[in-house]
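The residues making up each chain are set out below.
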Amino acid sequence: MQQESLVEYGSRRVIITITAIMCALLEIVDSTIVNVALNDMKGNMGATLSEVGWVITAYAIGNVIVVPMTSWLSQQFGRRNYFAASVVIFTIFSFLCGNATNIWELVFFRFVQGLGGGALLVTSQTIITESYPPEKRGMAQAIYGLGVIIGPTLGPPLGGYITTNFSWPYIFYINIPIGIIAAVMIMEFVRSPKYSEKSLASQVDYWGIVFLATCVGSLQFVLERGQEEDWFNSSMITYTVIAAILGFFFFIWRELTYENPIVDLRVLKNGNLRIGTVMSFILGFGLYGSTFIIPLYTQSTLGWTAQQAGMLMVPAALTTAIMMPLIGKLLQKGVSQPLLVAIGMVVFFVYSFWGYKVLTPDTAADNFFWMLIMRGIGMGMLFIPITTLSLSTLKGKEIGQGAAFTGMMRQLGGSFGIALITTYMSKQNQVYRSNLLENYTADNPLYQSKLNALVARFISGGMPENQAISSAHKMMDNAVMRQASVLSYMDVFLYIGLLFLVCVPFVLMIKTKKSTKADLAAAAAAH
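Described below are features of the structure shown in this document. None of these values were measured; they are calculated from a predicted model. (Residues numbered from 1 in each chain as written. Predicted model: local features only at pLDDT ≥ 70, side-chain atom pairs only at ≥ 80, totals over all residues. Heavy atoms only, no water.)

**Considerations on the packing of aromatic side chains**
For clarity, the threshold we go by: Pairing of aromatic side chains here covers Phe, Tyr and the six-membered ring of Trp, requires ring centres within 6.5 Å, and sorts the geometry by plane angle: under 30 degrees stacked, over 60 edge-to-face, intermediate tilted. By definition, any uninterrupted DSSP run of H or I lasting at least four residues is a helix, any uninterrupted run of E lasting at least two residues is a strand, and each is numbered from the N terminus. With a 1.4 Å probe rolled over the protein chains alone, any residue whose accessible area is under 20% of its type maximum counts as buried; one over 50% counts as exposed, and the rest are partly exposed. Ring-over charges, as used throughout, are those where CZ of Arg or NZ of Lys falls within 6 Å of the ring centre and within 35 degrees of the ring normal.
Under the definition given, this model contains 20 aromatic pairs. Ring geometry for F95 versus Y173: centroids 6.3 Å apart, planes at 35°, classification tilted. Of this pair, F95 sits in helix α7 (residues 79-98) while Y173 sits in helix α10 (residues 170-173), placing them 78 residues apart in sequence. F95 gets classed as partly exposed once you look at its relative accessible area, which sits at 41%. When its relative accessible area of 21% is taken as the criterion, Y173 is described as partly exposed. Arranged with centres 5.9 Å apart and planes meeting at 25°, the rings of F349 and F353 form a pair that is stacked. Of this pair, F349 and F353 both sit in helix α17 (residues 337-358), four residues apart, which is roughly one turn of that helix. For F349, a relative accessible area of 17% gives the class buried. Connected via pairs of aromatic rings, a cluster forms that spans F95, Y161, F166, Y170 and Y173. Taking the ring centre of Y132 as reference, the NZ or CZ of R13 above it sits at 4.5 Å.

Next up, the structure:
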């Protein structure tokens with residue numbers, strides 16, 4: 001009974017849980033902590049905005065390439081060894097990132113750091129799941145979920161504080177002591193399952209690795225860089241899309257025909273996992289999309305600092321932290337996972353619709369508080385039920401494979417979300433600006449009244465008349481741009497909310513057995 005040998009008790013389980021969450025947080029915080037430091041990096045290294053954007057893109061590509069391979073790599077090298085090696089790689093390349101002397105050196109180090117970091121999330125989830133007895137797996141996912149949900153929120157305020165008070169390399173240096181402690185704890189306390197299957201070097205699915213890296217790496221590149229490169233007007237984006245499609249086709253063919261595939265697609269025969277991967281994609285869309293859009297709106301439209309924008313998200317993260325154990329207990333008592341997911345989606349719709357109603361060119365900070373509390377409640381109700389539903393009927397090495405699929409889909413969902421949001425807003429800003437400018441004509445008395453008032457104010461301040469007229473027109477144009485931008489943000493909030501609301505009837509149609517405990521116990525026995 002392999003599963004029984006991996007269940008831990010008492011202080012040992014507490015130490016393993018803390019270590020796994022520490023590793024998950026390392027990975028997730030690092031995916032968002034650099035966002036607020038890009039401007040400093042740009043100035044420090046003499047890079048363009050486009051070049052410095054690669055610091056984020058390279059990390060995401062490294063992440064998404066290694067996530068689906070995590071289960072296979074764990075079997076090859078032993079989970080504990082692979083997990084510890086990933087932490088060591090992540091830590092060493094964090095140090096090298098802080099010491100990079102030019103932008104392309106930093107981009108390369110971030111890519112390798114992403115390869116190391118990709119294993120941390122999925123392996124942490126698998127270890128926590130297997131360290132708890134079946135009837136406590138809902139609570140285990142609640143504990144793991146704290147790191148996943150809070151991590152993206154912690155990044156911007158932490159990055160803002162470090163960049164403001166120290167310098168940008170320290171956002172990488174803080175990983176070093178945590179990484180060293182985590183690696184020591186892993187080697188001391190984490191145990192590896194003894195898998196019966198282990199591929200020989202001659203049986204390694206090298207072509208599977210090549211096709212997987214081509215497919216997901218190209219897809220992530222397109223999603224991260226598409227908007228900046230103007231999508232299919234760029235030959236680079238067109239070729240990358242073709243590479244992603246061909247990589248996907250050959251990867252599926254290879255994995256279904258090769259004796260020892262690097263990613264066992266047969267695990268997707270499990271209905272719960274199939275549903276869970278789709279819902280993980282939608283969850284990633286909402287989680288990363290909303291984490292991306294709120295700081296962007298508060299900084300670009302309201303003129304807040306990075307630290308102020310990051311701190312705004314803290315109450316929502318704390319709400320999620322409170323919700324996690326409560327949802328874990330409800331799952332233990334046998335409350336239906338689809339029911340909790342459906343309620344969470346409705347709550348997330350309420351949050352999104354609230355955002356749609358509250359946004360203006362000068363919304364006060366107080367207006368965000370209860371809206372973001374709703375987001376925290378919604379995320380708390382979505383993450384754990386989706387994860388436990390996905391993994392509840394898997395056994396043995398399937399748990400690691402299932403965690404890899406849901407982790408990859410959550411990340412791709414976030415990338416799709418951010419790509420769609422930036423593309424939509426870029427195009428919609430121009431549409432709204434054109435519509436608003438139709439009212440800015442000389443025969444519109446309201447427009448003329450505002451313009452004349454501004455000209456008079458500038459002249460009374462000592463400005464020459466021709467300069468006062470030019471400044472007044474410029475100010476009016478800036479007001480149009482802000483209003484167009486706010487209308488685009490409002491649209492994004494509304495459409496994300498509607499996406500979640502439309503999913504509710506489909507979620508409620510999911511059939512599950514009455515007792516989640518029974519499912520998990522059966523999974524443990526089969527394991």
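From this point, the discussion proceeds with the structure in view.
**Re the pattern of salt bridges**
Any two side chains of opposite charge can pair, on the condition that their charged atoms come close. For the record, the criterion: The term salt bridge refers to a side-chain nitrogen of Lys or Arg lying within 4 Å of a carboxyl oxygen of Asp or Glu.
Taken as a whole, this structure holds one salt bridge when the rule is applied. For R110, the salt bridge is made with D30, and the minimal N-O distance between the two is 3.2 Å. One end of the pair, R110, is in helix α8 (residues 103-131); the other, D30, is in helix α2 (residues 10-33), with 80 residues separating them in the sequence. Accessibility classification places R110 together with D30 in one group, the buried group.

**Here we look at the environment of Y447**
The residue Y447 is located in helix α20 (residues 445-460) in this model. In the structure, Y447 is positioned 153 residues away from I294 in sequence and 31 Å away in space, judged by C-alpha atoms.

**Focus on the side chain of S234**
Stated formally: Any N or O atom pair separated by 3.5 Å or less is treated as a polar contact, with the protein-specific requirement of one donor-capable and one acceptor-capable atom, and with residues adjacent in sequence counted only for side-chain atom pairs.
Its location among the elements puts S234 in the loop between α12 (206-225) and α13 (235-257). On the basis of relative accessibility, which here comes to 10%, the residue S234 falls in the buried class. In this structure the side chain of S234 is engaged in a polar contact, spanning 3.3 Å, whose partner is the backbone nitrogen of M236.

**Examining the environment of M22**
To keep things clear, this is the line we draw: Contact criterion: two residues are considered in contact whenever any of their non-hydrogen atoms come within 4.5 Å of each other.
Among the structural elements, M22 can be located in helix α2. Linking M22 and G179, residues 157 residues apart in sequence, is a C-alpha distance of 8.7 Å. Those residues in contact with M22, other than ones at most four positions away along the chain, are I178, I181 and A182.

**Section: the state of the cysteines**
Selection criterion: Here, a disulfide means two cysteine sulfur atoms that sit within 2.5 Å of each other.
Counting across every chain of the model gives zero disulfides. Here C23 stays free of any disulfide, with the sulfur of C97 as its closest cysteine sulfur at 18 Å.

**Some remarks on the packing of helix α5 (residues 54-66) against α12**
Note the cut-off: Every angle, taken between N-to-C directions, lies between 0 and 180 degrees, and every axis is a line fitted to C-alpha atoms, over only the stretch in contact when it is a helix. In this scheme, roughly parallel covers angles under 35 degrees and roughly antiparallel covers those over 145, while 65 to 115 is roughly perpendicular and the rest are oblique. Handedness of a crossing is defined here by the sense of rotation of the near helix relative to the far one, left-handed for an anticlockwise turn of less than a right angle and right-handed for a clockwise turn. Note that Gly is not counted as nonpolar here; it falls among the polar residues with everything else outside the nonpolar set of Ala, Val, Leu, Ile, Met, Phe, Trp, Tyr, Cys and Pro and the charged set of Asp, Glu, Lys and Arg.
Relative to each other, α5 and α12 sit at 150°, their axes nearing to 9 Å. Classified by the interaxial angle, the pair formed by α5 and α12 is roughly antiparallel. In this structure, the crossing between α5 and α12 has a hand that is right-handed. Mapping the contact onto sequence places W54, I56, T57, A60, I61, V64 and I65 in α5 and L212, A213, V216, G217, Q220, F221, E224 and R225 in α12. Within the contact of α5 with α12, the residues separate by chemical class into 10 nonpolar, three polar and two charged.

**Some words on a nonpolar patch on the surface**
Applicable threshold: Nonpolar side chains (Val, Leu, Ile, Met, Phe, Trp, Tyr) are joined into patches within 5 Å and like charges within 9 Å, using only residues with over 30% relative accessible area and no salt bridge. Reported accessibility uses the Shrake-Rupley method at a 1.4 Å probe radius. Residues are deemed covered only where the shown protein chains occlude them.
Together, V346, V350, W354, F369, W370, Y495, L498 and L501 give the surface a local cluster of nonpolar side chains, amounting to about 710 Å² of exposed area. Contributing elements (two or more residues each) for the nonpolar patch: α17, α18 (369-391) and α21 (465-508).

**Re α12**
Spacing of three or four residues puts side chains on the same side of an α-helix, whose turn is 3.6 residues. Operational definition: Multiply 1.5 Å by the residue count of a helix minus one, and that product is the helix's expected span.
For α12, which comprises 20 residues, the first-to-last C-alpha distance of 28 Å matches the rise-based estimate of 28 Å (1.5 Å per residue) to within 8%. Those residues of α12 that fall on the buried side of the exposure criterion are G208, F211, L212, C215, V216, G217, S218, Q220, F221, V222, L223 and R225.

**Section: the environment of E259**
Relative to the elements of secondary structure, E259 occurs in the loop between α13 and α14 (271-300). Given a relative accessible area of 65%, E259 falls into the exposed group. Once the C-alpha coordinates of E259 and D205 are considered, the two residues, 54 residues apart in sequence, prove to be 8.9 Å apart.

**Topic: the packing of α12 against helix α19 (residues 398-437)**
Contact geometry of α12 with α19 gives a least axis separation of 8 Å together with a crossing angle of 30°. As summarised for this structure, α12 and α19 are arranged roughly parallel, according to the angle between their axes. In this structure, α12 uses V216, L219, Q220, L223 and E224 to contact α19, whose residues at the interface are M408, L412, S415, F416 and A419. Here the contact of α12 with α19 is composed, by residue class, of seven nonpolar, two polar and one charged.

**Some points on the side chain of N272**
By secondary structure assignment, the location of N272 is in helix α14. The class of N272 is buried, set by a relative accessible area of 14%. In contact with N272, not counting residues within four places along its chain, are L389, S390, S392 and T393.

All quantities given are derived from atomic positions and should not be read as evidence of function.
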